[in-house]
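If you want the building blocks of each chain, they are given just below.
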Amino acid sequence: MRLSPTVYNQGFPRGGRLFRPLIITGVVGMSLLTGACGSEDGGLPFDSGMLPDGYKFVACDTPGSPCNAHDPCAINPICGNDGLCHPTFYQNCNDDLACTQDVCLGAGKCDHIPASGQCALAVKQAGGPSKVQCFNTDDRNPADPCKVCDPERSGKAWSPATGGSCNDGEDCTKDDYCDNGVCKGTYYGDQCQDEYGCTEDVCDGKGGCLGNKLMADSCLINGACYKKGDTDAQKCNVCDPSKSTNAWTPLSLHCLINGRCEAPGAVSPDGCGECDPAKNTSDWTPVAGLCKISGKCYKSGDKNTSAGGCAECDPTANATGWTVKGDNCLIGSKCINPGDKDSLGCGECKPATNKYDYTAIANKCLIENKCFAPGEKDPTNCGECDPTVSGNSWTVKGDNCLVSGKCYNPGDPNDDGCAQCKPTSDKYAFTPLTSKCTIGANCYADTEADSSGCMQCLVATPGKWSVKGTTKITIYNFESGLMGWTATNSDAKVGWIASSRRPATGSQSLYYGDPAVGSFSTGATANKGTVLSPSIALSAGKKAGVRLWLYGDIEKGTFGDLITISVVESGKTTSLWTKPSTFVQKTWFEVSLDLSSYAGKTIQLKIEFDTLDGFVNDGEGLFVDDISVYENC
C-alpha cells in the first residue's frame, strides 16, 4: 500500500530542545504503528508521537521550498510533496515548572514567563549544577538567605534582601543580618583577644569566646611569646613545647645560675661550687672536700681563727658550718670554755650535752630572755617559775588564766566576748563560748547572719559560716587536689599546687611556691602563676558571693608580690580584689567578695600571683584555702 507523505520526529524530549522530523514519501509493507519502518533518507526509526498531539499542518504551494507554518515553534519549515508545510525542527519550550508560561519566540528561542506573585529562579544544588525552581513573593534563596524572590523587581533573577538572619561565615561576628543582599554581622572579636601573639583567640560566633589556646609551636614564658627553638638571653634555655609551654627548658650540659649561663665545670665566685648539670642546673653544686660558711669557702681543716680557733672546716660533718673538735662550745661565733655561763646566769657551756648552745642550768627558768629562780612570780603575780613544769614559761598555780601576759579571773571574757577564762579547761588561753561563733577575728551570736544575709553563725560549726535558707554553697578545700582548678605557672618548680604545708583547715590548701624547699624564689628572675576555677553557674535574680582565706609569707606593700582575684565571664576578666598596702603577713585572714552582679551568668574565678621581680622572694609563699562560693539567696 502507499502512504501519504507524513512528518515524524526522531524524538521529543523536554527542555526546549530541537527535534528534526522525517519527511516520509512512501513506505511499503511496514506498519507505522510499530515504529519499525524505515525511510528513504537512511531508514532511521520514527515515532508518530514526536510532534505535539493535534499538530495542524498548513497548506503550501511550492514543494521543496521554505514555507510559513504559522507556528513559532516550527523551525525552518519546508513545503512537502503533499502540499503541506513541514517543520525541519520543532522547538519544545516546556520547562516543567508550574509557575511559568512557556512561549516559543521563534528561531529556536524560548521564554518562560513567571506567573503573577511568583519567580522562577536558579538554586545551587549540592554537588551539582544549579536548578530552576518556583518561588513565591518574599521566599528566600535556600542557598543564600540574603537573596529574595521579588517579582516586582525581577521574576527571573534573585533580588537583594534587607533584613532577616543569615550567617556571614565569620566566627567573631554576632547578630548577623542581611543588608541589600550582603550578610553582615557585628564584630566583637576584640573582647576575645588577649595581648599575646602566640595564642589562638577563638570566638563562638554568638557573642561568646571559646578561649585563647596557645599555638602548638609556641611557649608563653613570663608574659612573652617564643617560638619552638627560641632561646633565652643567656642562650642557656630553649622553648620546647613538648616539655613545657610556660617555662624555659634547660639546654643540656649548662647551668643557669643567678641569671647567668655557666658551662660545665665553671667555678663559683667564692670557689666553693661548680656547674654540674647532672646534679643541679639552677645552682652551684658544692665542691667535695670544701666548706661554705657565711659566704666564704674553706678547705678541710681550716680553723675559725676569728672566733678563737676552737672549730674547723670538716665537710664530712658539716659543709655549711664550723665543726667543734675539742672540749669547747661555739656559741654566737665565739669559743666558750666548759662551765662558762651566759650573761643571764641561766645557762652554761656543757660540751658533753651541746657544743653549739648553752645548756640550761637545773632549777632555773629562762623566760623572755631573763633568768628566774623557782617560785619567782611573773609581773602580774598570776604565774611563777617552776622548772619541774616548764623551764621557759610561767606556770599558773592558782585558779586563774594567764593569757598574752595578762592575768584573768574565772569567767572574764576576751575582747570580742566570744570566749572566757575557764581555768578548768585551759589556764593559758581563752576557752570559746559554746553559745557563739568565732569566725575570723569576729564574734557572732547563734543564727546571726553575715553582711550578705546568705550565711549565718551556727554554734554546731562555730569556726565557719553555715548556709542560710535556700542558699547553695560550693566549697573548694583542696583536700583532693586542685578540685578542677587549672594552674598555669611560669616556672616548672615554683607555682600553684595543692599542698599540705599550711592548711587553714583540714590537711591541704592551695599553695604558690616550691613545696620541696618552702619558698617561691627562682633566683634573680621574676615568676608568676594563675589558677582558674571550674565554670560556676549563678542563679538569676539572686544574691551571690565568695569567701576565701589567705595566708602570705611574701613581700610587703604593693610594689612586689602582687595578688589579684578576678571574675572571668564571656571571655572578659574583671578584677575584684588586689593585695592592699595593709596586707597582713603570716596570718590567715578572710576575703569576702560580692558576685551578685553576675547573677544568671556562668563565671570562673581567677587568682593570680606575680612577684614582678626577682628580689625578696625567699618567704614561704602564698596560701589559699576554703574558697566558698554561695548563691541562690
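No experiment lies behind these values; they were computed from the predicted model shown.

Conventions we followed
Residues numbered from 1 in each chain as written. Predicted model: local features only at pLDDT ≥ 70, side-chain atom pairs only at ≥ 80, totals over all residues. Heavy atoms only, no water. Helix = DSSP H or I, 4+ residues; strand = E, 2+ residues; numbered from the N terminus. Rg over C-alpha atoms; globule rule 2.2 N^0.38 Å. Buried < 20%, exposed > 50% of the residue type's maximum accessible area, 1.4 Å probe, protein only. Contact = heavy atoms within 4.5 Å. Lys, Arg positive; Asp, Glu negative; His and termini not counted. Charge placed at Lys NZ, Arg CZ, Asp CG, Glu CD. Pairing = 2+ DSSP bridges. Patch = residues over 30% accessible without salt bridge, like charges linked within 9 Å, V, L, I, M, F, W, Y side chains within 5 Å. Areas by Shrake-Rupley, 256 points an atom, 1.4 Å probe, with all protein chains shown as cover. Salt bridge = Lys/Arg side-chain N within 4 Å of Asp/Glu carboxyl O. Disulfide = S-S within 2.5 Å. Phe/Tyr/Trp six-rings, centres within 6.5 Å; stacked < 30°, edge-to-face > 60°. Lys NZ or Arg CZ within 6 Å of the ring centre and 35° of its normal. Core = buried A, V, L, I, M, F, W, Y, C linked by side-chain atoms within 4.5 Å. pLDDT = per-residue confidence, 0-100.

Peer 1: Can you break down the overall build of the chain residue by residue, with the values?
Peer 2: Looking only at helices and strands, the chain has 0 helices and 57 strands in total. The C-alpha atoms of the chain give 48 Å as radius of gyration, which overshoots the globular expectation for 633 residues (26 Å, by more than 25%). When the backbone C-alpha atoms are referred to their principal axes, the chain occupies close to 155 × 70 × 40 Å. Counting the 633 residues in the chain, one finds 38% classified as buried. Taking as baseline every contact in the chain between residues at least 6 positions apart, the subset at least 24 positions apart corresponds to 46%. For the chain, the distance from the average position of its 55 positive side-chain charges to the average position of its 75 negative side-chain charges is 4 Å.

Peer 1: Please set out the pairing of strand S26 (residues 290-293) residue by residue, giving values where relevant.
Peer 2: Two strands pair when backbone bridges link them, and S26 and strand S27 (residues 296-299) are joined in this way by 4 bridges, in the antiparallel orientation. Following the sheet pairing, Lys292 is matched in S27 by Cys297. Where S26 hands over to S27, the hairpin turn is made up of 2 residues, of which Ser294 adopts a positive phi near 55°.

Peer 1: Requested: an account of the side chain of Ser519, with residues and values cited.
Peer 2: Among the structural elements, Ser519 can be located in the loop between strand S49 (509-513) and strand S50 (528-532). For Ser519, a relative accessible area of 14% gives the class buried. Each residue touching Ser519, except ones within four places of it in the same chain, is listed here: Tyr511, Gly513, Asp514, Asn617, Asp618, Gly619 and Glu620.

Peer 1: I'd like a rundown of a nonpolar patch on the surface, residues and numbers included.
Peer 2: Judged by side-chain polarity, Val467, Ile473 and Ile475 come together as a nonpolar surface patch covering roughly 200 Å² of accessible area. Within the secondary structure, Val467 is located in strand S45 (residues 466-467).

Peer 1: I'd love a proper account of the state of the cysteines, names of residues and values included.
Peer 2: Evaluated as defined, the whole model comprises 24 disulfides. Bridging Cys272 to Cys297, the disulfide has an S-S length of 2.0 Å. The sign of the 120° torsion about the S-S bond sets the Cys272-Cys297 disulfide as right-handed. Placement of Cys272 in the loop between strand S23 (260-262) and strand S24 (273-276) and of Cys297 in strand S27 is noted, with a sequence separation of 25 residues between them. Here Cys454 pairs with Cys633 through a disulfide, and the sulfurs are 1.7 Å apart. Measuring the twist about the S-S bond at about 60°, one finds the Cys454-Cys633 disulfide to be right-handed. Separated by 179 residues along the polypeptide, Cys454 in the loop between strand S43 (442-445) and strand S44 (455-456) and Cys633 in the segment after strand S57 (621-631) bring together distant segments of the chain. A relative accessible area of 0% means that Cys454 is categorised as buried.

Peer 1: Before we move on, can you summarise the packing of aromatic side chains with the specific residues and values?
Peer 2: Across all of its chains, the model carries 17 aromatic pairs by this definition. Arranged with centres 5.0 Å apart and planes meeting at 80°, the rings of Tyr55 and Phe57 form a pair that is edge-to-face. For Tyr55, a relative accessible area of 15% corresponds to the buried category. Among the residues examined, Phe57 registers a relative accessible area of 28% and is labelled partly exposed. The interplanar angle of 85° and the centroid separation of 5.5 Å between the aromatic rings of Tyr476 and Trp485 together place this pair among those described as edge-to-face. Members of the aromatic cluster, each reached through a chain of ring pairs, are Trp496, Tyr512, Phe520 and Phe609. The ring of Tyr188 has Lys174 sitting right over it, with the charged end atom 5.9 Å from the ring centre.

Peer 1: So what's going on with the environment of Val103? Which residues, and what values?
Peer 2: Its location among the elements puts Val103 in strand S7 (residues 100-106). Between the alpha carbons of Val103 and Asp450 there is a distance of 86 Å; along the sequence they are 347 residues apart. With residues up to four places along the chain from it excluded, the contact list for Val103 reads Cys93, Lys109, Cys110, Asp111 and Ile113.

Peer 1: Requested: an account of the pattern of salt bridges, with residues and values cited.
Peer 2: As enumerated under the stated definition, the model contains 15 salt bridges in all. With a closest N to O distance of 3.1 Å, Asp270 and Lys292 form a salt bridge. Taken together, the residues Asp270 in the loop between S23 and S24 and Lys292 in strand S26 connect sequence positions 22 residues apart. A relative accessible area of 25% means that Asp270 is categorised as partly exposed.

Peer 1: Could you give an account of the sheet that holds strand S12 (residues 144-150), with specific residues and numbers?
Peer 2: Spatial ordering of the open sheet is given by S11-S12-S13, a layout of 3 strands whose pairing is antiparallel. Lying at the two open borders of the sheet, with one neighbouring strand each, are strand S11 (140-141) and strand S13 (154-160). Relative to S13, S12 runs antiparallel, the two being bridged by 3 bridges. Looking at S13, one finds that Val148 is bridged to Ser159.

Peer 1: Residues and numbers for unusual backbone geometry, please.
Peer 2: Positive phi, normally seen in glycine, also occurs at His70, with a value near 55°. Positionally, His70 belongs in the loop between strand S4 (58-59) and strand S5 (74-79). The exposure class assigned to His70 is exposed, which follows from its relative accessible area of 61%. With a phi close to 65°, Asn363 is a non-glycine residue in the positive phi region. Its place among the elements puts Asn363 in the loop between strand S33 (354-360) and strand S34 (365-367).

Peer 1: Go over the nonpolar core with me, naming the residues and quoting the values.
Peer 2: Core analysis: the biggest nonpolar cluster contains 34 residues, and Trp496, Leu548, Leu595, Leu605 and Ile627 have the highest contact counts within it. Of all the secondary-structure elements, those providing two or more residues to this core are S49, strand S52 (544-553), strand S53 (562-569), strand S55 (589-594), strand S56 (602-610) and S57. Apart from the residues lying within four places of it in its own chain, the contact partners of Trp496 are Ala487, Asn489, Leu510, Tyr511, Tyr512, Gly529, Thr530, Val531, Ile607, Phe609, Leu622 and Val624. By size, the runner-up hydrophobic cluster in this structure holds 12 residues, among which are Leu51, Cys73, Ala74 and Cys79.

Peer 1: Can you break down the confidence of the model for the chain residue by residue, with the values?
Peer 2: Here the chain averages 86 in pLDDT, and 92% of its residues register 70 or above. For the stretch residues 1-49, pLDDT sits under 50, and the model shows 102 contacts to residues farther than four places along the chain or on other chains.

Peer 1: Which residues make up the environment of Lys228, and what are the values?
Peer 2: Its location among the elements puts Lys228 in the loop between strand S19 (224-227) and strand S20 (237-238). With near-sequence residues (within four places) excluded, Lys228 lies in contact with Asp217, Cys239 and Pro241.

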